[in-house]
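# A look at the structure
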Amino acid sequence: MDPKAMFKDLGLATLLTGVVVSLLFWEIGWIIYCRYFHSLARVPGPYLASISELYRFYHNFIRKGALYLEFDKLREQYGEILTPFIVVRLV
């Protein structure tokens with residue numbers, strides 16, 4: 001079968017639907033990876049901060065650079081994470 005003939009009847013709506021569905025699956029896979037399989041998945045902290053950069057964007061741009069204040073609040077709430085060789089701070 002000719003490849004051009006296979007894709008001849010596909011319209012713009014079908015193409016855009018395929019792109020949107022692919023991106024949706026990509027994001028779902030990324031969230032699952034970050035929450036369960038990433039090396040920092042065991043580190044406690046806010047859910048949104050663990051799966052995306054929206055947390056950082058919100059505090060840096062919407063709240064006008066108050067991210068460092070949020071780190072202090074998170075440190076009070078979750079404490080410092082001690083490992084055998086280093087102290088990991090929630091930064």
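Residues numbered from 1 in each chain as written. Predicted model: local features only at pLDDT ≥ 70, side-chain atom pairs only at ≥ 80, totals over all residues. Heavy atoms only, no water.

### Here's the deal with a nonpolar patch on the surface
The criterion, for reference: Think of a patch as exposed residues, more than 30% relative accessible area, with no salt bridge, where like charges cluster within 9 Å and nonpolar side chains (Val, Leu, Ile, Met, Phe, Trp, Tyr) cluster within 5 Å. Values of accessible area rely on a 1.4 Å probe in the Shrake-Rupley scheme; residue burial ignores everything except the protein chains shown. Salt bridges, as used here, are contacts in which a Lys or Arg side-chain nitrogen is within 4 Å of a carboxyl oxygen on Asp or Glu. The helix count covers DSSP runs of H or I at least four residues long, the strand count covers runs of E at least two residues long, and both are numbered beginning at the N terminus.
On the surface, a cluster of nonpolar side chains totalling about 950 Å² of accessible area is made up of Leu24, Trp26, Ile28, Trp30, Ile32, Tyr33, Tyr36 and Phe37. Mapped onto the secondary structure, tryptophan 26 falls in helix 2 (residues 12–37).

### Brief notes about the pattern of salt bridges
Here is the rule: A 1.4 Å probe rolled over the protein chains alone gives each residue an accessible area, and that area as a share of the maximum for its type sets the label: buried under 20%, exposed over 50%, partly exposed in between.
Applying the stated rule across the entire model yields three salt bridges. In this structure, the salt-bridge partner of glutamate 53 is arginine 56, at a minimum N-O distance of 3.6 Å. According to the relative accessible area criterion, glutamate 53 is exposed, its value standing at 52%. Given a relative accessible area of 43%, arginine 56 falls into the partly exposed group.

### A few points about the environment of leucine 67
Position of leucine 67 relative to the elements: it lies in helix 5 (residues 67–78). Along the chain, leucine 67 and arginine 56 lie 11 residues apart, while their C-alpha atoms are 6.9 Å from each other.

### So, helix 5
The criterion, for reference: The span one expects for a helix is its residue count, reduced by one, times 1.5 Å. Here, the arc refers to the directions that run from the helix axis to the C-beta atoms. The contact rule is simple, with two residues in contact once any of their heavy atoms fall within 4.5 Å.
Between its terminal C-alpha atoms helix 5 stretches 16 Å, which fits the 16 Å expected from 12 residues at 1.5 Å a residue. Along helix 5, the positions that sit buried rather than exposed are Leu67, Glu70, Phe71, Leu74 and Arg75. The buried side chains of helix 5 occupy one side of the element, clustering within an arc of 145° when seen end-on. Looking at the buried side of helix 5, the elements it contacts are helix 4 (54–62). Looking at the residues trailing helix 5, positive phi occurs at glycine 79, about 80°.

### Side note on the packing of helix 4 against helix 5
Using the following cut-off: To obtain an axis, a line is fitted to C-alpha atoms, over the contacting stretch when the element is a helix, and the angle between two such axes runs from 0 to 180 degrees between their N-to-C directions. Here is the rule for angles: anything less than 35 degrees is roughly parallel, anything more than 145 is roughly antiparallel, 65 through 115 is roughly perpendicular, and the remaining ranges are oblique. In this count, Pro and Cys sit with the nonpolar residues alongside Ala, Val, Leu, Ile, Met, Phe, Trp and Tyr, while Asp, Glu, Lys and Arg are called charged and the others, Gly among them, polar.
Running from amino to carboxyl end, helix 4 crosses helix 5 at an angle of 120°, the nearest separation of the two axes being 8 Å. Relative to helix 5, helix 4 is oriented oblique. Of helix 5, the residues touching helix 4 (which contributes Tyr55, Arg56, His59 and Asn60) are Leu67, Glu70 and Leu74. Tallied by class, the residues present in the contact of helix 4 with helix 5 amount to three nonpolar, two polar and two charged.

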